[in-house]
Amino acid sequence: MTEQFQPQRALLPVAAILIALLVVMFYPPLGVLVGVLIPVPLIFIYVQLGRRPGVILLALVFGVMFTLMGPKQAVLFFTEYAVLAGVMAETIRFRLPFDKCILFSTLFSASLSIILLFFIFTDRESTLTEFFQQQIDGHFKQSMEALKGMGDKPEDLKAMQEFTDRTSGVLAQSFPSLIIIGTFITAVINYYAARFLWGRIYGSGLFHPARFSEWAVPDQTVWVFIGSGALCFLADGTLGVVGINLFLLVLVVYFFQGLAILIYFLESRNVPVFFWILIFFVIVFQPLLIGGAMGLGVFDTWMDMRKVRTRQEQSPE
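Keep in mind that what you see is a predicted model, and the values were worked out from it rather than measured. (Residues numbered from 1 in each chain as written. Predicted model: local features only at pLDDT ≥ 70, side-chain atom pairs only at ≥ 80, totals over all residues. Heavy atoms only, no water.)

**Q** I'd like to hear about a nonpolar patch on the surface, residue by residue, with values.
**A** A surface patch of nonpolar side chains, amounting to about 800 Å² of accessible area, comprises Phe-274, Phe-275, Leu-278, Phe-281, Val-282, Val-284, Phe-285 and Leu-289. The element contributing the most residues to the nonpolar patch is helix 12 (residues 273-284), with six residues. Position of Phe-275 relative to the elements: it lies in helix 12. Residue classification places Phe-275 among the partly exposed residues on the basis of a relative accessible area of 41%. (Patch = residues over 30% accessible without salt bridge, like charges linked within 9 Å, V, L, I, M, F, W, Y side chains within 5 Å. Areas by Shrake-Rupley, 256 points an atom, 1.4 Å probe, with all protein chains shown as cover. Salt bridge = Lys/Arg side-chain N within 4 Å of Asp/Glu carboxyl O. Helix = DSSP H or I, 4+ residues; strand = E, 2+ residues; numbered from the N terminus. Buried < 20%, exposed > 50% of the residue type's maximum accessible area, 1.4 Å probe, protein only.)

The structure is reproduced here in structure tokens:
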């Protein structure tokens with residue numbers, strides 16, 4: 001810690017937790033958005049007060065959840081949010097680079113979530129994969145009913161039904177990677193939200209100065225991309241499932257590298273913030289542009305458009 005704790009500054013994150021709970025109570029549709037941001041005040045207070053008060057805070061929140069919502073919801077909160085907040089706060093306190101902060105918090109939280117789900121379904125008649133497929137089929141069925149109500153053509157509905165029949169099983173098999181990806185995105189959002197909040201109050205001295213625009217995936221990752229893609233198309237059974245999950249994870253990693261490249265050029269050209277917002281809004285809602293960002297991230301392994309790898313070779317330190 002570089003700043004001395006001032007009690008009055010702790011009121012902001014405490015107020016944020018109370019406001020988040022009130023928003024969920026009075027306007028449930030915002031529950032998902034608020035839920036994603038719940039770790040932010042926990043991270044902030046943990047970093048601000050230190051390890052022991054931070055752990056006591058997480059335990060206190062777990063106890064309140066256990067009392068008000070029961071053991072199942074409390075354990076889910078602990079694995080999805082409390083573990084992520086605690087690990088991320090510790091990595092921030094050790095001033096690790098942002099990629100390691102996000103990686104460690106994602107791995108710990110997602111691993112516990114997968115293990116928890118495995119034990120929940122161990123004694124049930126249906127397997128975890130079958131449960132996920134039932135949920136996915138239910139969502140697809142609701143979408144089909146909505147399309148029928150909108151008066152879509154029968155041939156379009158038939159094509160959509162064939163697509164859902166092909167993809168529901170694949171999505172069910174890839175549930176580990178979907179959990180990891182969801183946790184990863186949550187970790188990214190919370191890291192940068194906590195960094196923004198801390199910077200506005202205390203300054204950015206606590207956080208590692210590494211920039212996202214200069215982040216690069218290790219070159220060896222491309223072999224995981226090639227190998228997992230081959231397994232998806234050539235292997236069946238367990239190897240095929242492993243290939244699907246690895247392939248999805250690597251695609252997400254290269255998507256973020258593509259975003260890092262884009263941000264690098266936006267920064268270097270001093271593009272106004274308005275165009276940043278417009279560009280990222282279009283990318284999020286255009287699947288082709290998402291695929292383009294993934295391709296940009298993959299090809300940067302050989303093209304090194306930002307000359308990041310060249311600078312690392314010239315200055316190993």
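**Q** Residue-level account of the side chain of Arg-306, with values.
**A** With respect to the element layout, Arg-306 can be found in the loop between helix 13 (287-303) and helix 14 (308-314). A polar atom in the side chain of Arg-306 sits 2.8 Å from the backbone oxygen of Trp-215. (Polar contact = N/O pair within 3.5 Å; in protein donor to acceptor, adjacent residues only side chain to side chain.)

**Q** Please provide a residue-by-residue account of the packing of aromatic side chains, values included.
**A** Under the defined criterion, the tally for this structure stands at 19 aromatic pairs. For the pair Phe-62 and Phe-78, a centre-to-centre distance of 5.9 Å together with 70° between the ring planes defines the contact as edge-to-face. A residue pair is termed long-range when its members are at least 10 positions apart, and Phe-62 in helix 4 (residues 51-69) and Phe-78 in helix 5 (residues 71-93) qualify at 16 residues. According to the relative accessible area criterion, Phe-78 is partly exposed, its value standing at 37%. (Phe/Tyr/Trp six-rings, centres within 6.5 Å; stacked < 30°, edge-to-face > 60°.)

**Q** How would you explain helix 11 (residues 237-268) if you had to name every residue and give the values?
**A** The terminal C-alpha atoms of helix 11, which comprises 32 residues, lie 47 Å apart, in line with the 46 Å expected from a rise of 1.5 Å per residue. Asn-270 occupies a position one or two residues after helix 11 and carries a positive phi of about 55°. (Expected span 1.5 Å × (residues − 1).)

**Q** I'd like a description of the nonpolar core, backed by residues and values.
**A** Residues Ile-43, Ile-92, Tyr-191, Phe-212 and Phe-256 are the most contacted members of the largest nonpolar core, which totals 48 residues. Going through the elements one at a time, helix 3 (39-49), helix 4, helix 5, helix 6 (98-120), helix 9 (175-201), helix 10 (221-234), helix 11 and helix 13 are the ones with two or more residues in this core. When residues no more than four places from it in sequence are discounted, the contact partners of Tyr-191 are Met-88, Ile-92, Phe-98, Cys-101, Ile-102 and Phe-207. (Core = buried A, V, L, I, M, F, W, Y, C linked by side-chain atoms within 4.5 Å. Contact = heavy atoms within 4.5 Å.)

**Q** Help me get a handle on the layout of surface pockets, residues and values and all.
**A** Computed from the structure, the second largest pocket encloses a volume of approximately 1400 Å³. Ranked by residues supplied to the lining of the second largest pocket, first place goes to helix 9 with nine residues. When the residues that make up the lining of the second largest pocket are grouped by side-chain class, the tally is 27 nonpolar, six polar and eleven charged. (1 Å grid on protein atoms, 1.4 Å probe; cavity = no way out; pocket = protein on both sides within 12 Å on 5 of 7 lines; lining within 4 Å. Points joined across faces, edges and corners; volume = space filled by probe spheres on them. Nonpolar A, V, L, I, M, F, W, Y, C, P; charged D, E, K, R; others polar.)

**Q** Go over the side chain of Thr-79, please, and point to the residues and values.
**A** With respect to the helices and strands, the residue Thr-79 is situated in helix 5. Classification of Thr-79 as buried rests on a relative accessible area of 6%. Polar side-chain contacts of Thr-79 include one of 3.0 Å to the backbone oxygen of Leu-76. Non-local contacts of Thr-79, meaning those with residues more than four positions away in its chain, are made with Ser-109, Leu-112, Ser-113 and Leu-116.

**Q** Give a description of unusual backbone geometry that names residues and reports values.
**A** The backbone of Asn-270 sits at a positive phi, close to 55°, despite the residue not being glycine. Residue placement: Asn-270 occurs in the loop between helix 11 and helix 12. The residue Asp-304 is not glycine, and still its phi comes out positive at about 45°. Looking at the element boundaries, Asp-304 is found in the loop between helix 13 and helix 14.

**Q** Quick rundown of empty space enclosed by the protein? Include the residues and the values.
**A** Tallying each qualifying case throughout the model produces one cavity of 30 Å³ or more. Reported here for the largest cavity is a volume of approximately 40 Å³. Where the lining of the largest cavity is concerned, the elements lending two or more residues are helix 3 and helix 9. The element that contributes the greatest number of residues to the lining of the largest cavity is helix 3, accounting for three residues. Residue composition of the lining of the largest cavity, grouped by class: eight nonpolar, no polar and no charged.

**Q** Break down the packing of helix 5 against helix 9 for me, citing the residues and quoting the values.
**A** The N-to-C vectors of helix 5 and helix 9 enclose an angle of 50°; their axes lie 11 Å apart at closest approach. Between helix 5 and helix 9, the angle falls in the class oblique. Note that helix 5 runs across helix 9; the crossing there is right-handed. Residues Leu-84, Met-88 and Ile-92 of helix 5 touch helix 9, and the partners they reach there are Thr-183, Thr-186, Ala-187, Asn-190 and Tyr-191. Looking at the contact of helix 5 with helix 9, its residues break down into five nonpolar, three polar and no charged. (Axes fitted to C-alpha atoms, helices over the stretch in contact; angles between N-to-C directions. Parallel < 35°, antiparallel > 145°, perpendicular 65-115°, else oblique. Left-handed = near helix turned anticlockwise from the far one by under 90°.)

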